[in-house]
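# Per-entry structural report
Below, each chain spelled out in residue letters.
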Amino acid sequence: MADSTNKTVYEIFQSMEQGPPAATSTAAAQAWLDHHSRSFGFFMDGKFVRPENRQNLSLADSKGGVLCTTVCAEDSDISRCASSAATGYTSWSNLTCSQRSKALLRLVSVLGLHGQCLSELCALCETTCSPSALVRLLQYYSSWAQLRDTLIPSWTPVGVVVVVSSDDCSLYSLMLKVLPALAMGKTHTSVSQIEFLF
């Protein structure tokens, strides 16, 4: 005989009672943070850079514990970042529409591999970010890249786009600003009060 304390599916639907919350784990995110020594610099020219003699900013979790530190950018760092983006613009803008589209779609595969870690990092920082929403965004803008010459044949990329964001800008909001430029053949540089972890 069934336990009388267990509700039937019908009874749960009648009351619309929520089930117990799923157990959450941040093991993948903690391992990723540990792999990077919980200290982040800037990602320029294909690698992480930590300039010396810079102030650091601590990023805390909801309980007040320090998750990691990031380097605070100075004018010279921003100039170097813009220079790096200008160099990247030359090769990126020379790609065909199909090549740019495929490059953006490769990011979908990366998100598939690391989506769990990304979700956990966002949970630790108490920001909302759904890997599936980012996948849809990448797919949408990869189609922009694919169809650019068909829909706007006279379009010519003109250079680097600078994205200025606040320190509470979410990854999704940042991608909404960056992906259209990348799809159209431009490169970008991001300026923020806090260097993004992702």
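See the structure above.
First, a word on what this report is: a plain description of the structure on this page. (Residues numbered from 1 in each chain as written. Predicted model: local features only at pLDDT ≥ 70, side-chain atom pairs only at ≥ 80, totals over all residues. Heavy atoms only, no water.)

## Re the packing of aromatic side chains
Quick reminder of the rule: Two rings from Phe, Tyr or Trp (for Trp, the six-membered ring) form a pair when their centres are within 6.5 Å of each other. A pair whose planes differ by under 30 degrees is stacked, one over 60 is edge-to-face, and the rest are tilted. Comment: elements are numbered from the N terminus, with helices defined as DSSP H or I runs of at least four residues and strands as E runs of at least two. Residue exposure (1.4 Å probe, protein chains only): buried if accessible area is under 20% of the type maximum, exposed if over 50%, otherwise partly exposed.
Inspection of every chain in the model, using the stated rule, returns 6 aromatic pairs. Taking the centre distance of 5.8 Å and the plane angle of 55° together, the rings of Tyr-140 and Trp-144 count as tilted. Of this pair, Tyr-140 and Trp-144 are both found in helix 5 (residues 131-151), 4 residues apart, which corresponds to roughly one turn of the helix. Residue Tyr-140 is classed as partly exposed on the basis of its relative accessible area, which comes to 45%. By the ring-pair criterion, three or more aromatic residues cluster together here, those being Trp-32, Phe-40, Phe-43 and Phe-48.

## Focus on the pattern of salt bridges
To keep things clear, this is the line we draw: By salt bridge we mean one thing: a side-chain nitrogen of Lys or Arg within 4 Å of a carboxyl oxygen of Asp or Glu.
Enumeration over the complete set of coordinates arrives at 4 salt bridges. When salt bridges with common partners are traced through the structure, they connect Arg-54, Glu-74 and Asp-77 into a single cluster.

## A short note on the environment of Ala-86
Following the sequence through the fold, Ala-86 ends up in helix 3 (residues 75-93). Accessibility expressed as a relative area gives 37% for Ala-86, which makes it partly exposed.

## Let's talk about the pairing of strand 5 (residues 66-71)
Short version of the rule: If DSSP finds at least two bridges between two strands, the strands pair.
Summarising the sheet, strand 1 (residues 39-40) and strand 5 pair through 2 bridges and their orientation is parallel. In the sheet register, Ser-39 faces strand 5, and the bridge partner there is Thr-69. The sheet contact formed by strand 4 (residues 56-60) and strand 5 spans 5 bridges and is antiparallel. The partner of Leu-57 across the bridge, within strand 5, is Thr-70. Counting the residues between successive antiparallel strands, the hairpin from strand 4 to strand 5 contains 5 residues, one of them, Gly-64, with a positive phi of roughly 90°.

## Considerations on the nonpolar core
Let me state the cut-off plainly: Nonpolar core, defined: a set of buried Ala, Val, Leu, Ile, Met, Phe, Trp, Tyr and Cys residues in which side-chain atoms within 4.5 Å join the residues together.
If you look at the biggest cluster of nonpolar residues, it comprises 24 residues, and the most contacted ones within it are Leu-118, Leu-134, Met-175 and Leu-179. Listing elements by their share of this core, those giving two or more residues are helix 4 (97-124), helix 5 and helix 6 (171-183). Core analysis: the next-biggest nonpolar cluster, separate from the first, contains 8 residues, Phe-40, Leu-67, Leu-121 and Leu-124 among them.

## Overview of the packing of helix 2 (residues 27-35) against helix 4
Describing two packed helices takes the angle between their axes plus the distance from one axis to the other. As a reminder of what qualifies: For helices, the fitted axis covers only the stretch in contact; all axes are lines through C-alpha atoms, and the angles between them, taken along N-to-C directions, range from 0 to 180 degrees. If an angle is under 35 degrees, it is roughly parallel; if it is over 145, roughly antiparallel; if it lies from 65 to 115, roughly perpendicular; otherwise it is oblique. Whether two residues touch is decided by their heavy atoms; if any such pair falls within 4.5 Å, the residues are in contact.
Direction vectors running N to C along helix 2 and helix 4 enclose 85°, while the axes themselves pass 7 Å from each other. Between helix 2 and helix 4, the angle is such that the two are roughly perpendicular. On the side of helix 2, the interface is formed by Ala-27, Ala-28, Ala-29, Gln-30, Trp-32 and Leu-33, while helix 4 contributes Cys-117, Glu-120, Leu-121 and Leu-124.

## Here's the deal with the state of the cysteines
Our working definition: In what follows, a disulfide is any cysteine sulfur pair within 2.5 Å.
Summed over the entire model, instances satisfying the criterion amount to 0 disulfides. The thiol of Cys-117 is not disulfide-bonded; the next cysteine sulfur, from Cys-122, is found 9.6 Å away. Overall, the relative accessible area of 14% leaves Cys-117 in the buried class.

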